[in-house]
Amino acid sequence: MSVNEVDASSTTSQTPAVNGCVVPHSINSSPLRQESFEDRKGHLYHFKRERRSSSSAGHEKCHFHFDLELDHKPPTREDIIPELADSYRSLLKNLGEDPNREGLLKTPTRAAKAMLYFTKGYDQTIEDVLNDAIFNEGHDDLVIVKDIEMFSICEHHLVPFWGKVSVGYLPNKKVLGLSKVARIVEIFSRRLQVQERLTKQIALALIEAIQPTGVGVVVEGTHMCMVMRGVQKINAKTTTSTMMGVFRDDPKTREEFLTLLK
């Protein structure tokens, strides 16, 4: 069973709901969607994705819902700038500042637009960025795209973290346009994140896109929550990795991948 297949018990149809949402309606009422990925050796990997509806906490005003990597699609960027700017204006007041003084007069709107750009990944799906850039090349040797620049926002403190992402996969005949690997990184990094989850989301997205024999993702990041607050260690870096399929099961494949990253 491929990663895009779902068992019959979780078959969905789309039905309109309140506030303009489109809510997945399943045969059963389970909040989790079971998905699987089978590698060339027949090993089956299972993972679950949570269903969302207009009754889910925090989703009452959602316009759309997606079953896969995106929980929901927010309103258009322009629609939420005024409300977000008001929040920044309140923040400035609570900090003891005067949001009406010359230097801060346009700051709430600027900050709102900046935050929306930093989190633009919420508006994107894998299908949007792949744009049919999947090719049947009959290729089954290792493909690596390394040192992809990454910028994200820590969801714990709302301060930046950044670094480099390296992605490798062993194709199962299908290959992905090289720039699309970087775009997948961009989708998931331009959200509120933790590095551990970001690493796994990139790997799962690649599996979803082309069902390779295996995937490896390594992320090295610098976190401002450790640099400018707390322990204030300016040279500390965090490395996370996710190995799936033959990258996890075959030490030689994993070693080749990690060696080529050096």
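For the structure, see preceding data.
About the thresholds
Residues numbered from 1 in each chain as written. Predicted model: local features only at pLDDT ≥ 70, side-chain atom pairs only at ≥ 80, totals over all residues. Heavy atoms only, no water. Axes fitted to C-alpha atoms, helices over the stretch in contact; angles between N-to-C directions. Helix = DSSP H or I, 4+ residues; strand = E, 2+ residues; numbered from the N terminus. Parallel < 35°, antiparallel > 145°, perpendicular 65-115°, else oblique. Left-handed = near helix turned anticlockwise from the far one by under 90°. Contact = heavy atoms within 4.5 Å. Buried < 20%, exposed > 50% of the residue type's maximum accessible area, 1.4 Å probe, protein only.

Caption draft 1: Here's a closer look at the packing of helix α4 (residues 178-189) against helix α5 (residues 195-210). Look at α4 against α5: their axes get within 10 Å of each other, and the N-to-C directions meet at 135°. By the angle between their directions, the pair α4 and α5 is classed as oblique. Remark: the crossing between α4 and α5 carries right-handed chirality. Touching I184, V185, F188 and S189 of α4 are L198, Q201, I202, A205 and L206, all from α5.

Caption draft 2: Structural view of the side chain of T242. Examined against the element boundaries, T242 turns out to sit in strand β13 (residues 238-245). By relative accessible area, T242 is classed as buried at 8%.

Caption draft 3: Local environment of the packing of helix α1 (residues 77-94) against helix α2 (residues 107-118). With their axes 7 Å apart at the nearest point, α1 and α2 run at an angle of 125° to one another. One finds that α1 runs oblique with respect to α2. Relative to α2, the crossing made by α1 is right-handed. In this structure, α1 uses R77, I80, I81, L84, A85, Y88, R89 and L92 to contact α2, whose residues at the interface are T107, P108, T109, A111, A112, K113, M115, L116 and Y117.

Caption draft 4: Local environment of unusual backbone geometry. In this structure, D132 takes a positive phi of about 65° despite not being glycine. Mapped onto the elements of the fold, D132 is located in the loop between α3 (126-130) and β7 (134-139). On the basis of relative accessibility, which here comes to 71%, the residue D132 falls in the exposed class. Phi is positive for K173, which is not a glycine, with a value near 80°.

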